[in-house]
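Secondary and tertiary structure notes
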Amino acid sequence: MQISKKALGISPSLTLGIDALSKEMKQAGKDVVGFGAGEPDFDTPAYIKEAAVAAIGEGKTKYTPASGILELKQAVCDRYKNKFGLEYAPAQVVVSSGAKHSLFNTFAAILNPGDEVIIITPYWLTYPELVKMADGVPVFVEAREEDGFAPCSADIEAAVTKKTRAIIVNSPSNPCGCVYSEKCLREIARLAEKHDLYIVADEIYDELIYTGKAMSIAMMSDDAKARTIIVNGMSKAYAMTGWRIGYTIAPAEVAKVMGSYQSHSTSNPCSIAQYASVAALTGPQEDKARMVEVFASRSRLMAGLINAVPGMSCREPEGAFYIFASIRGLIGKKYRGEVITGSVKFAELLLENELTAVVPGIAFGADDYIRLSYATSEENIKKGLARIEKFCREVE
Ligand code: PLP
């Protein structure tokens, strides 16, 4: 039977794959330490769960407007006003089933076949696939670790063609854990204006910042605000990955199209999760603040341990909950007679021999790196890094 060319062109999610394999091994009784997680290891705060239970009790269990309930759109607008001084109208907000879905709707709304989207490498592995799903063409611009994984504006400009429609800005970044400086955001905003590009600003980690200040690229100028489609959601800041609520804030005409598009695909996002999200955004923020503190201390611990491993090195992350660690010093060398040809081989050998799961950097477009998530306990971080050190000491 036929499978469409478009579907065949989409790669499976490697991060979910490794996570699934390590969970499988755990279920089989193996003592695996998993650094693959893309979600907080904290529970959803109680007040959010209670709001969901109340919503069920009150019968808020029916279809909602396709683009989301007004209370949640208003809470999103209030958040952006209070946090960044950015004013938006609820009509500019579209609530979707997770930020991934928001990004899917975004590219569906703005791309025509063959339109190019600039993606900074190392990138979150879903971006190129989402662009392709919307018949767009991903164009990669490499950011270097020496520059804090921030892109250089000359490199971005060199990648712009007549077909370029958008650039994706993901700060704090998955997988790099970097936060772009104001200077960098200004440069990207300037180029977007010069070449008339949309800025797709994935700000899903904007509550998880340990050094530096949270900033939205939409703050850089009125022009930047007018051409930015902000993508955000509840998953990371409120430990709500399973609730599936994300949102976009876009120019009104784009928001309208996205709402229509969504109305014919998934209809509205889950009503109960939307009411819980209103509570999350408007309720007490202490749980979130505590979680950020714990992440900050784990990130320092993990970075210190990685930098003590022979052949590995990393920057201390400024945000999100990942460390993108270089394994350049190990590639081409041998572990128990097997050549470490790249990040996949490294991850496989490590999982098989030292029961420790990491995500190969190739998934993010950088084969001499691995991604380690510190959304796991300090005890696991120490145990897993001791195993990684043992593994790397055997490499010759
Ligand atoms: N954007 C980035 C950079 C992410 O890392 C993720 C999740 O891993 C998402 C968006 C999507 O989050 P969700 O669909 O759970 O809202």
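Residues numbered from 1 in each chain as written. Predicted model: local features only at pLDDT ≥ 70, side-chain atom pairs only at ≥ 80, totals over all residues.

**A few points about the pairing of strand β7 (residues 228-233)**
This is how the line gets drawn: With C-beta atoms placed from the backbone, the exposure class of a residue follows from how many other C-beta atoms lie within 10 Å of its own: 20 or more, buried; 12 or fewer, exposed; in between, partly exposed. Helix and strand assignments come from DSSP, with helices taken as H or I runs of at least 4 residues and strands as E runs of at least 2, each series counted from the N terminus. Strands pair, by our definition, only if DSSP identifies at least two bridges between them.
Burial analysis of β7 places six of its six residues in the buried class, which makes it a mostly covered element. Neither face of β7 is open: one carries T228, I230 and N232, the other I229, V231 and G233, and all of them are buried. The sheet contact formed by strand β6 (residues 198-202) and β7 spans four bridges and is parallel. Bridge assignment links D202 to a residue of β7, and that residue is V231. Of the pairings in the sheet, the one linking β7 to strand β8 (residues 246-249) comprises four bridges and is antiparallel in character. Following the sheet pairing, V231 is matched in β8 by T248.

**Quick look at the UniProt feature "domain: Aminotransferase class I/classII large" (unreviewed entry) in the protein**
This is how it is decided: UniProt positions are given in the numbering used here, feature names are shortened, and annotations may be inferred rather than shown by experiment.
UniProt marks residues 30-388 with the feature "domain: Aminotransferase class I/classII large" (unreviewed entry), using the numbering shown here. As annotated, residues 30-388 comprises 40% helix and 16% strand, and the C-alpha atoms at either end are separated by 17 Å.

**What about helix α5 (residues 99-110)?**
Stated precisely, the cut-off is as follows: Each helix should span, by expectation, one fewer than its residue count multiplied by 1.5 Å.
The end-to-end C-alpha distance of α5, which contains twelve residues, comes to 16 Å, matching closely the 16 Å that a straight helix rising 1.5 Å per residue would cover. When you tally the buried positions in α5, you get eleven out of twelve residues, the bulk of the element. Those residues of α5 that sit buried are A99, K100, H101, S102, L103, F104, N105, T106, F107, A109 and I110.

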